[in-house]
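Now for the letters of each chain:
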Amino acid sequence: MRNGNILIVGAGGIGSWLCYYLHNLAQNNQLGKHGGMNISVADGDTVEDKNLSYQKFGIEDITDNKAMVMQSLYGFEAIPKLITQSEQFKNFDLIISCVDNTSFRRLMFLHCEKTNTHFIDLRSEGTTVMALTKHPKNDIESLLATIPEEIENASCQRAFEFQGGLIQQGNKIIAGIGSQF
């Protein structure tokens, strides 16, 4: 996709690094000024001290909205709220999921199926990563089957590792792969 409106949902462990990588590509003339793309970032969360070890934020960003930080750092349009309704996808040609949230993922899959909108679903848990894209073999039933139990706000870091001070790099890896898509 050379031109279009892109929505990145989630600016945490995966999304903050995806924004960084996309900005880096643009700075190195691999996307032009975002390749003619308009990139928006949606996130209703604020930066906390605990995020600094694995998300692309600095201490000066603590208490700021994550989407607003991405706007300030990289020039992407901020949507400083949660995406909870299909209407919020209106006018976007590509939706990139960077959240671990069952409700959002279901909403995105159903919307993209209904409207024939492209998507990239980036996932990470510790060192395990996964990416799903719109593809004829990915019918709605198989996509919905990839959604685990009800998760509303999980982390890309496994709780027991995070609590033990071990930060895994899966979120950066899948964000890098997502930037290549």
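Preceding this section is the structure that the text describes.
Source: prediction; values computed, not measured. (Residues numbered from 1 in each chain as written. Predicted model: local features only at pLDDT ≥ 70, side-chain atom pairs only at ≥ 80, totals over all residues. Heavy atoms only, no water.)

### Looking at the packing of aromatic side chains
As a reminder, the rule being used: Only Phe, Tyr and Trp rings take part, Trp by its six-membered ring, and two of them pair if their centres are within 6.5 Å. Stacked means planes under 30 degrees apart, edge-to-face means over 60, and tilted covers everything else. What counts as a helix is a DSSP run of H or I of at least four residues, what counts as a strand is a run of E of at least two, and both are numbered from the N terminus. Relative accessibility under 20% of the residue-type maximum defines a buried residue, over 50% an exposed one, and the middle range a partly exposed one, all with a 1.4 Å probe and only protein chains included. Lysine NZ or arginine CZ positioned within 6 Å of the ring centre and within 35 degrees of the ring normal marks a charge as sitting over the ring.
By the definition in use, this model includes six aromatic pairs. Between Trp17 and Tyr20, the ring centres sit 5.7 Å apart and the planes meet at 80°, which makes this aromatic pair edge-to-face. In this pair, Trp17 and Tyr20 are both assigned in helix 1 (residues 15–27), three residues apart and thus about one turn of the helix distant. On the basis of relative accessibility, which here comes to 12%, the residue Trp17 falls in the buried class. Ring centres of Trp17 and Tyr21 lie 6.0 Å apart, and the angle between their planes is 40°; on these two criteria the pair is classed as tilted. Of this pair, Trp17 and Tyr21 both sit in helix 1, separated by four residues, roughly a single helical turn. Taking relative accessible area as the criterion, Tyr21 reaches 22% and is therefore assigned partly exposed. Three or more aromatic residues joined by ring pairs make a cluster, and in this case those are Trp17, Tyr20 and Tyr21. Lying across the ring of Tyr20, Lys56 places its NZ or CZ 4.7 Å from the centre.

### Side note on the sheet that holds strand 1 (residues 4–9)
To keep things clear, this is the line we draw: Here a strand pair is declared whenever DSSP counts at least two bridges between the two strands. For helices, the fitted line uses only the C-alpha atoms of the stretch in contact; every axis is such a line through C-alpha atoms, and the angle between N-to-C directions lies from 0 to 180 degrees. Whether two residues are in contact is decided by their heavy atoms, any of which lying within 4.5 Å being enough.
What the six strands build is an open sheet, ordered 3-2-1-4-5-6; its pairing is mixed. Single-partner strands in this sheet number two, and they are strand 3 (77–79) and strand 6 (128–133). The average undirected angle you get between the axes of adjacent strands in this sheet is 15°. For strand 2 (residues 37–42) and strand 3, the ladder comprises three bridges, and the chain directions are parallel. Bridged to Ser40 within strand 3 is Glu77. Sheet strands in contact with helix 2 (residues 66–74) are strand 2 and strand 3, and its direction is about 175° off that of strand 3. The strands touched by helix 3 (residues 102–115) within the sheet are strand 1, strand 4 (94–97), strand 5 (118–125) and strand 6, with strand 5 carrying the most contacts at an inclination of about 155°.

Read these as spatial facts, not as claims about activity.
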